[in-house]
Amino acid sequence: DGGITQSPKYLFRKEGQNVTLSCEQNLNHDAMYWYRQDPGQGLRLIYYSQIVNDFQKGDIAEGYSVSREKKESFPLTVTSAQKNPTAFYLCASRTTGLAYGYTFGSGTRLTVV
Amino acid sequence: KQEVTQIPAALSVPEGENLVLNCSFTDSAIYNLQWFRQDPGKGLTSLLLIQSSQREQTSGRLNASLDKSSGRSTLYIAASQPGDSATYLCAVSGTNFGNEKLTFGTGTRLTIIP
């Protein structure tokens, strides 16, 4: 079955470390997105990419970086510059075009220790 | 800037009842609206997608309506079941083709009491 796979499910980061969250999709979707979810807040957009080798900052990109070397993959790196990284991270994809909805992965919970 | 509000933040109803969840948005120039379900600690599952030119969409016991001019959408759940307990999120797409993004509400946490 087609879908989005996020790994790992749980991730622990020490102060000063960079960590990378994986997102892979086999839906042949052009666009991919990273959202952050905090308790009591709506999901907020970190980065998005509509084609390979191109990506744009979302609303809260500071302290994060991404790459899009393959259509299927859109990894997110949480750098040491992100001062409050503890959150639930969700990856999504969709076919480009306004008629299509979003498909989400199962999420990665990142905790700073 | 688009803002999406969902009221109430939490709702508890007895099993078998019909219920309505509300979503409002400030900018009516949307392209579509999507309802999602989220179980604790899990990702989002898409329930219904309504295009801006549509008034409603139905899937099983779920019916979503859209009134773009008033900036409102409702999700109607018929004959509620304990398995419907989850957080329900609505999200609207942006207004610039090619640069669209979803703006989410904070959700309604629904509990169905057996």
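See above for the structure.
Below, the structure is looked at part by part. Everything numeric here is computed off the predicted structure, so don't read it as measured data.

**Here's the deal with the overall build of chain B**
Within chain B one finds zero helices and 11 strands. Walking chain B from its N terminus toward its C terminus, one meets helices and strands in the order β-β-β-β-β-β-β-β-β-β-β. In terms of overall dimensions, chain B is globule-like: its C-alpha atoms have a radius of gyration of 14 Å, near the 13 Å expected for 114 residues. Structurally, chain B occupies a C-alpha span of about 45 × 30 × 20 Å along its principal axes. Looking at chain B residue by residue over its 114 residues, the buried ones come to 43%.

**What to know about the environment of Tyr-76 of chain B**
Residue and element names in this part refer to chain B. Of note, Tyr-76 is situated in strand β8 (residues 72–77). Sequence-wise, Tyr-76 and Ser-65 are 11 residues apart; in three dimensions their C-alpha atoms are separated by 8.3 Å. With residues near it in sequence (within four places) discarded, Tyr-76 still touches Asn-18, Leu-19, Val-20, Arg-61, Leu-62 and Asn-63.

**Overview of the sheet that holds strand β1 (residues 4–7) of chain A**
Residue and element names in this part refer to chain A. With antiparallel pairing, four strands are arranged side by side in an open sheet as β1-β3-β8-β7. Each having just a single partner strand, β1 and β7 (64–66) make up the two edges of the open sheet. Sheet twist, expressed as the average angle between the axes of neighbouring strands with direction ignored, equals 20°. Summarising the sheet, strand β3 (residues 19–25) and strand β8 (residues 76–78) pair through three bridges and their orientation is antiparallel. Counted as the bridge partner of Leu-21 is Leu-76 from β8.

**Quick look at the interface of chain A and chain B**
At the junction of the two partners, chain A supplies 25 residues and chain B supplies 22 residues. In this assembly, chain A packs against chain B so that about 1900 Å² is buried in total across both faces, 53% of it on carbon and sulfur atoms. In this structure, the connection of chain A to chain B is made through zero salt bridges. Taken together, the connections running from chain A to chain B amount to four residue pairs in polar contact (both at pLDDT 80 or more). For the side of chain A that touches chain B, the secondary structure elements donating two or more residues are β4 (31–37), β5 (44–51) and β9 (87–94) of chain A.

**Re the sheet that holds strand β7 (residues 62–67) of chain B**
Residue and element names in this part refer to chain B. Strand order across the open sheet formed by five strands is β1-β3-β8-β7-β6, with antiparallel pairing between neighbours. At either margin of the open sheet sits one strand with a lone partner, and together these are β1 (4–7) and β6 (56–59). Each adjacent strand pair in this sheet contributes to an overall mean axis angle of 15°, direction not counted. With four bridges connecting them, β6 and β7 associate as antiparallel partners. Bridging across to β7, Glu-56 finds its partner in Ser-65.

**Regarding the state of the cysteines**
Between two cysteines, a covalent bond joining their sulfur atoms is known as a disulfide. Residues and elements named next belong to chain B. In this structure the tally under the stated criterion is two disulfides over all chains. Across a sulfur-sulfur distance of 1.9 Å, Cys-23 and Cys-90 are joined as a disulfide pair. Across the S-S bond linking Cys-23 and Cys-90, the dihedral sits near 70°, which makes this disulfide right-handed. Note that Cys-23 is positioned in strand β3 (residues 19–25) and Cys-90 in strand β9 (residues 86–93), a separation of 67 residues in sequence.

**Describing the environment of Val-66 of chain A**
Residue and element names in this part refer to chain A. Mapped onto the elements, Val-66 comes out in strand β7. For Val-66, a relative accessible area of 11% corresponds to the buried category. Along the primary structure Val-66 and Gly-101 are separated by 35 residues, whereas in three dimensions their C-alpha atoms are 22 Å apart.

**Concerning the pairing of β9 of chain A**
All names here are of chain A. Of all eight residues making up β9, eight are buried, and the element is well covered by its neighbours. Residues of β9 alternate between two faces, with Ala-87, Tyr-89, Cys-91 and Ser-93 on one and Phe-88, Leu-90, Ala-92 and Arg-94 on the opposite face, all of them buried. Judged from the seven bridges that link them, β4 and β9 form a sheet pairing that is antiparallel. Across the sheet, residue Trp-34 finds its bridge partner in β9, namely Cys-91. With three bridges connecting them, β9 and strand β11 (residues 108–112) associate as antiparallel partners. Considered in β11, the bridge of Tyr-89 is made with Thr-108. As judged from the two bridges shared by β9 and strand β10 (residues 103–104), these two strands associate in the antiparallel manner.

Rules of the game
- Sequence order as written defines residue numbering, which begins from 1 separately in each chain.
- All chains are assigned letters beginning at A, and all ligands numbers beginning at 1, according to the order in which they are written.
- With pLDDT at 70 or above as the cut-off, local features in this predicted model cover only qualifying residues; side-chain atom pairs require 80 or more to be listed or tallied, and sums for whole chains, interfaces and linings still use all residues.
- Side-chain numbers come from the whole structure's heavy atoms, not from hydrogens or water.
- Runs of E in the DSSP output that reach at least two residues are strands. Runs of H or I that reach at least four are helices, and both are numbered from the N terminus.
- Here the radius of gyration uses the C-alpha set of atoms, whereas the globule reference equals 2.2 Å times the residue count to the power 0.38.
- We call a residue buried when its accessible area falls under 20% of the maximum for its residue type, exposed when it is over 50%, and partly exposed in between, using a 1.4 Å probe and counting protein chains only.
- The contact criterion used is simple: two residues touch if any of their non-hydrogen atoms lie within 4.5 Å.
- Two strands pair if DSSP finds at least two bridges between them.
- Whenever a helix is involved, its axis is fitted only over the stretch in contact; in every case the axis is a line through C-alpha atoms, and angles between N-to-C directions fall within 0 to 180 degrees.
- A 1.4 Å probe defines the accessible area here, and the buried area is the portion of it lost by two parts on being joined, summed over both.
- Here, a salt bridge means any Lys or Arg side-chain nitrogen found within 4 Å of an Asp or Glu carboxyl oxygen.
- In the analysis that follows, any N or O atom pair within 3.5 Å is treated as a polar contact, provided that within protein one partner can donate a hydrogen and the other can accept it, and provided that, for residues neighboring in sequence, both atoms belong to side chains.
- Our working definition of a disulfide is a cysteine sulfur pair at a distance within 2.5 Å.

So far we have only geometry, and geometry alone does not tell us how the molecule works.
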